[in-house]
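Overview (structure and organization)
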Amino acid sequence: MNKATTHRYTLAAIALLAIIVGIVYYYFFAALSLNTETQYIYIDNDDTIDSVYNKLQPFAREYQMQGFHTLVRHSSYADNIRTGRYAVKAGEGAFRVFRNLKNGMQEPVNLTIPSVRTVDRLAAEVSKHLMLDSATIATALHNPDTCRALGYDTTTIACLFIPETYDIYWNTSLAKFLERMKKENRNFWNAERTEKAEALKLTPEQVVTLASIIDEETANDAEKPMIAGMYYNRLMLRNAKYPEGMPLQADPTIKFAWHRFELKRIYHNLLSINSPYNTYRNAGLPPGPIRIPSVAGIDAVLNRVHHNYLYMCAKEDFSGTHNFAETYEEHLQNASKYSKALNERGIK
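In short, a report on the structure. Predicted model only: the values in this text are computed from it and were never measured.

A few words now on the layout of surface pockets. Here the largest pocket defines a volume of roughly 1400 Å³. Taken together, 47 residues line the largest pocket, and the ones lying closest to its centre are D251, K264, C313, A314 and Y338. Going through the elements one at a time, α10 (204-217), α11 (224-236), α12 (251-258), β5 (311-314) and α14 (328-344) are the ones with two or more residues in the lining of the largest pocket. Looking at the lining of the largest pocket element by element, the count peaks at seven residues for α14. A per-class count over the lining of the largest pocket returns 25 nonpolar, nine polar and 13 charged. If you add up the space inside the second largest pocket, you get close to 270 Å³. Residue lining of the second largest pocket: 18 residues in total, with T118, V119, H142, T154 and F256 positioned closest to the centre.

As structure tokens, this is what we get:
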């Protein structure tokens, strides 16, 4: 074979190799997704290989899906589908997407624990971001044994949850989810916060309970330390009239006791409810928080404003802030102004 022939064969081999490389690249490494933004697919326990195909199909290129099918046929993936939330990024080929799915290389979700009033509402919100269903979460949070294992009871379990945003895998189990919340709770109650609670002679659970009332009283973070100071003064007051402490007389606890969160005004007939959450009849804090309080609410308690106020009433300008008073007589004047403003607006 002369040099010219050898050269032609070499060129032909190189061309053939280039064609093979091109085909391999086109089917397995060229961008699978038609979109320029990252797409996410969610694989749950009920998924089969056909449903995985169906979840990829809407945004996948035809030939790259053929490559994906080929990879599946030559692997055990169809019999070992792994749950999770998987990212299909722009530019990623069938091979990369297949590898991520096969190896369970999922993307975490940003789970924000919401500041809500009930654990049932919490369960509903969390279930929107995790594979867990709301009934499973709610049942656990109402279970005395589960709560006890976490260091709480069914009235204080809301104290476990700190309303921050966490990176967590979508297919996290219930046990792992609660374990993660316990870890984040310990991180939140660092030495500084724990020392401040001890200085107030309050446990973290009592701080959270008081914070939940404050959050219900106002959405104005700047005013929360003032309200915290007022309620703390009542909580710690001891005299001949209030040997066990002055009742908090917090309207939000009455709403919680009745589970009537829509109430705009608390009338006298509502104050007779026989409930441990009725802070008009019972001195001290209620048995647990009336919502999952915000971090601002918790820190407002820990950093309360020192003052002598024992009373507060919403301002008549409906600004969301309050008039404070040291005496009951002054408080009655503030309450009269607010009641008049409510009547003028027809609020019942």
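Right, picking up where we left off after that structure.
A word on the packing of α10 against helix α13 (residues 295-302). Interaxial distance between α10 and α13 falls to 8 Å at its minimum, and their mutual angle equals 115°. When the axes of α10 and α13 are compared, the crossing they make is right-handed. Contacts between α10 and α13 involve V207, V208, L210, A211, I214 and D215 from the former and G297, I298, V301 and L302 from the latter. A per-class count over the contact of α10 with α13 returns eight nonpolar, one polar and one charged.

Quick look at the environment of L174 now. Structurally, L174 is set in helix α8 (residues 174-188). Residues L174 and A140, spaced 34 residues apart in sequence, show a C-alpha to C-alpha distance of 8.5 Å. Not counting residues up to four positions away in its chain, the partners in contact with L174 are L132, T136, I137 and A140.

What counts as what
Residues numbered from 1 in each chain as written. Predicted model: local features only at pLDDT ≥ 70, side-chain atom pairs only at ≥ 80, totals over all residues. Heavy atoms only, no water. 1 Å grid on protein atoms, 1.4 Å probe; cavity = no way out; pocket = protein on both sides within 12 Å on 5 of 7 lines; lining within 4 Å. Points joined across faces, edges and corners; volume = space filled by probe spheres on them. Helix = DSSP H or I, 4+ residues; strand = E, 2+ residues; numbered from the N terminus. Nonpolar A, V, L, I, M, F, W, Y, C, P; charged D, E, K, R; others polar. Axes fitted to C-alpha atoms, helices over the stretch in contact; angles between N-to-C directions. Left-handed = near helix turned anticlockwise from the far one by under 90°. Contact = heavy atoms within 4.5 Å.

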